[in-house]
Amino acid sequence: MTYRAPLADIASALKHAATLPAAIERGLFGELDLEDIDAIVAEAGRFAGEVIAPLNRIGDTYGTRFNDGSVTTAPGWKEAYRAWRLAGWNAVTAPPEWGGQGLPQILNAACTEMWHAASVAFANGPMLTMAAIDALNAHGSEALKRAYLNKLVSGEWMGTMQLTEPQAGSDVGALRTRAERAGDGTYRITGQKIFITFGEHDFTENIIHFVLARLPDAPSGTRGISFFLVPKFLLQSDGSLGARNDVRAHSVEHKLGIHGSPTCTMVFGDAGGAIGFLIGEEHAGMSCMFTMMNRARLAVGLQGVGIAECATQKAVAYARERRQGRAAELDPSQSAAIIAHPDVRRMLLTMRTLTQAARAICYATALAIDRGERGSDDKVRRQAQAQASLLTPVAKAFSTDVANEVTSLGIQVHGGMGYIEETGAAQLFRDARIAAIYEGTNGIQAVDLVTRKLPLAKGSFVNAHLNELRSVVRALEADNDPSLGWTAVRLGDAVESLARATSWLLAHLDNEPEAALAGATPYLRLFGLATGGCLLAKQALSVKRLGEDAAAALVTARFFAGHVAVSAGGLERIVVEGAAGVIGTDAALTMA
Ligand SMILES: Cc1cc2nc3c(=O)[nH]c(=O)nc-3n(C[C@H](O)[C@H](O)[C@H](O)COP(=O)(O)OP(=O)(O)OC[C@H]3O[C@@H](n4cnc5c(N)ncnc54)[C@H](O)[C@@H]3O)c2cc1C
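Attention here is on the structure that accompanies the text. (Residues numbered from 1 in each chain as written. Predicted model: local features only at pLDDT ≥ 70, side-chain atom pairs only at ≥ 80, totals over all residues. Heavy atoms only, no water.)

1. Considerations on the site of the ligand
Step number 1: As a structural note, the neighbourhood of the ligand is formed by 18 residues, with M161, T164, S170, F195 and T441 the closest of them.
Step number 2: Measuring from a nitrogen atom of the ligand, one finds a side-chain N or O atom of T197 at 2.7 Å.
Step number 3: Within the side chain of T441, one N or O atom sits 2.7 Å away from an oxygen atom of the ligand.
Step number 4: Its free accessible area being 970 Å², the ligand has 61% of it covered by the protein chains. (Near = heavy atom within 4 Å. Polar contact = N/O pair within 3.5 Å; in protein donor to acceptor, adjacent residues only side chain to side chain. Areas by Shrake-Rupley, 256 points an atom, 1.4 Å probe, with all protein chains shown as cover.)

Here it is, written out as C-alpha cells:
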C-alpha cells in the first residue's frame, strides 16, 4: 500500500489537541471556519495520496541525475510539482499582498505533514521555498520583495537555504563564504556551500538562493554574518530572466535516503563573484536566517510526523495480512494474522501513539505561531511567540526522533520482508534518518531548548507550560474514567519529573553549564513525552466531552501514558544525576 491521508486523526488532533475551534471562536482567523479547514485539508490529503505518494518509490530508485551542472529529477516529479504549485499549495500561508492565501500556519502544518508523508524527498524543496518566503517578507527591502516574492509565492521559482560549508555545520559562525561590496549597492559572493537541498533541479526555471556570507570587515562568529539573496538567473528591468549569475552546482551527493531530493555542492564566484542582494542589515544575517530556520524546523518536525504516519499505516496493513503462529484467543487450527500477537500489537501501538503525540506537539506549535502573528493584543502575541519558540526545538527533535523509532519498528513488524526494499518499509527508515540531522541536529535542538529557551523571562514561559500540563492532569483526575486506567498517575509523574528536571537545569545552567548540557537530549525527550502525553489525554477528554466516539482516543492516551511516558522518571534521573557519567570520561572513550 502507499500512503492514505489520515483525515480523521488529523481533524481530531487539530480540534481536540491543538484546540483549533477555540481559536476560531476568538476570531483569530477571521471568517475561516472548521468546515473550510476540513475541506482544504481533505483536498491536500487527496493530492498527497493520489499524486505525490505514487512517485515516492521512483524517486528512491531513480535518484537525481547530474550532468554538466544540471540536475534531472525522477520521471513524473517535475510535472507533479507543477500541478502542486498550480493548485496553490505553495501559497497557503504566504502574504496575500504577494499572491498568497494568508491562511493559518496550523492549516499548513496539516498539509505539510501530508506532503512529507507522501514523499519527503519531493516535499523538502518546497518546504524551504515557504521558509524563504517568510524570511524575505520579514526582512527584505521593498524592491527585493517586488522583484521576487510573487514568483516565489506562486512556486514558479523555488528557494534554497545555504548555510553549511565543510568546516561550518552546527558551528554556523565558522563559515567562510565571502561577500564584497560592489559599490553599486550589490555584493559579490565567492565560496562553497555543501549539502544544499534542491540547490539545482529541473522543477523551476529560476532558483533563488538564500545565502549566508561574511563581509571583509565582519566581526568573527555569528555576529559577523550577513544574509544575501543570490538568484541563479539575474532579472532584467522588466522582471524577466536575464544573464546567468556566477553560481553553479558542482555535484550531487549519493546518500542513505531521500534519493529523489538533489543535495548539491554549490560554487559561488568562478568568474569573480555571484551578484548578491543584501537582506536585512550587514552583519545581522543570523536573525533573518532564524526566521527561515524556525519555520523550516517546525516543517522538519512535521516531516517526522508524516514519515512515522506512513510507516505506521504500512505496518498495520502488513500485520493484518501476514499470518504466523497461533493466537490464544483465535481458532487454534489456523495460523493467526500477526496483529493478534501481543508483542506485535505493542509495536503497532507504540508506533501509532508516538506518531500522534508528535503530531499534537507540532500542531500546538503551529497554533502558537498563529497566535503570535494574529493575537488580539501585544501581550497575547508576545506570550504566544515565546510559547512557539519554546516548543519549536521540541517539535523538531522529538518528532524526528519519533520518525526514526517508528520507521525502525515498521521494519520489525514486517520481519525479514521489512529489510527487503520491495515493501517500502526500508525506504521510510532510510528517508527518516536525515530529519534528525538537518535544520540543526537534534543535539543542537536540545542545546537550544536548555540554554536559550528555558531561561526566557527567568523561566516563566516554561513554568507556564508546566502549569498547562498540570491542568490536563487535574482534568484527568476529575474525569476519573476507568477506561483510562493509571493514565492520570503516570502523566502526573511525567509532568513532575519534567518540572524537577527543569528546576535543576535552571539552577545549574550558569554555574555548571557542562553538567546541564550533558542532560540536554534526555531533557528534550522528557519534555516531548510529558507534553505529548498530556496533549493526547486532552484530546481524549475533549472527544469524550463532545460525545464523539472516544474509544480510539482513550486507548491512545492510556497506552502512551503507561508504555511510553512512563520512562520520564528515568530521564529525569539522567538529567539531574547523570552528568558525572558523561564529563571526564576520556578513559572510556580512548581507543585501545
Ligand atoms: C541530505 C542533507 C540535506 C541538507 N540540506 C541542507 C540545506 O539545504 N542547507 C544547509 O545549509 N545545510 C543542509 N544540510 C546540512 C545540515 O544542516 C548539517 O549536516 C547539519 O547542520 C549538521 O552539521 P554537520 O554535518 O557539519 O555536523 P557537525 O556539526 O559536525 O555535527 C556532528 C555531531 O556533533 C554534534 N555537535 C556539533 N556541535 C555541537 C555542539 N556545540 N554541542 C553539542 N553537539 C554538537 C552534532 O549534534 C552531531 O551529532 C543538509 C545535510 C544533508 C545530509
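From this point, the discussion proceeds with the structure in view.
2. Description of the nonpolar core
Step number 1: One finds W115, F210, Y363, F398 and Y523 to be the most contacted residues of the largest nonpolar core, which totals 178 residues.
Step number 2: Ranked by the residues each element gives to this core, the list is headed by helix 9 (residues 285–321), at 18 residues.
Step number 3: Leave out the neighbours within four places in its chain, and Y523 touches L449, V450, L454, V462, L498, A501, T502, L505 and V575. (Core = buried A, V, L, I, M, F, W, Y, C linked by side-chain atoms within 4.5 Å. Buried < 20%, exposed > 50% of the residue type's maximum accessible area, 1.4 Å probe, protein only. Helix = DSSP H or I, 4+ residues; strand = E, 2+ residues; numbered from the N terminus. Contact = heavy atoms within 4.5 Å.)

3. Notes on the layout of surface pockets
Summary: where empty space remains is shown by rolling a probe the size of a single water molecule over the atoms.
Step number 1: Counted as a void, the largest pocket has a volume near 1100 Å³.
Step number 2: T164, I437, Y438, E439 and G440 are, among the 41 residues lining the largest pocket, the residues nearest its centre.
Step number 3: Looking at the lining of the largest pocket, the elements with two or more residues in it are helix 7 (120–139), strand 5 (187–197), helix 9, helix 13 (425–433) and helix 14 (442–453).
Step number 4: Per-element accounting of the lining of the largest pocket gives the leading share, five residues, to helix 9.
Step number 5: Of the residues contributing to the lining of the largest pocket, the split by class is 19 nonpolar, eleven polar and eleven charged. (1 Å grid on protein atoms, 1.4 Å probe; cavity = no way out; pocket = protein on both sides within 12 Å on 5 of 7 lines; lining within 4 Å. Points joined across faces, edges and corners; volume = space filled by probe spheres on them. Nonpolar A, V, L, I, M, F, W, Y, C, P; charged D, E, K, R; others polar.)

4. What to know about unusual backbone geometry
Step number 1: Not every positive phi belongs to a glycine, and T19 is a case in point at roughly 50°.
Step number 2: Tracing the chain through its elements places T19 in the loop between helix 1 (7–17) and helix 2 (20–25).

5. Describing the pattern of salt bridges
Step number 1: Applying the stated rule across the entire model yields 29 salt bridges.
Step number 2: When the shortest N-O distance is used, the salt bridge between D134 and R295 registers 2.8 Å. Note that D134 is positioned in helix 7 and R295 in helix 9, a separation of 161 residues in sequence. You'll find D134 and R295 in the same group, each marked buried.
Step number 3: A salt bridge links R500 to E572; its shortest N-O distance comes to 2.8 Å. Taken together, the residues R500 in helix 16 (residues 487–508) and E572 in helix 20 (residues 568–577) connect sequence positions 72 residues apart.
Step number 4: Each of R57, D60, E421 and R430 takes part in salt bridges that share partners, so that together they form one network. (Salt bridge = Lys/Arg side-chain N within 4 Å of Asp/Glu carboxyl O.)

6. Some words on a negative patch on the surface
Step number 1: Judged by side-chain charge, E31, D33, E35, D36 and D38 come together as a negatively charged surface patch.
Step number 2: Relative to the assigned elements, D38 resides in helix 3 (residues 34–52).
Step number 3: Judged by its relative accessible area of 37%, D38 is partly exposed. (Patch = residues over 30% accessible without salt bridge, like charges linked within 9 Å, V, L, I, M, F, W, Y side chains within 5 Å. Lys, Arg positive; Asp, Glu negative; His and termini not counted. Charge placed at Lys NZ, Arg CZ, Asp CG, Glu CD.)

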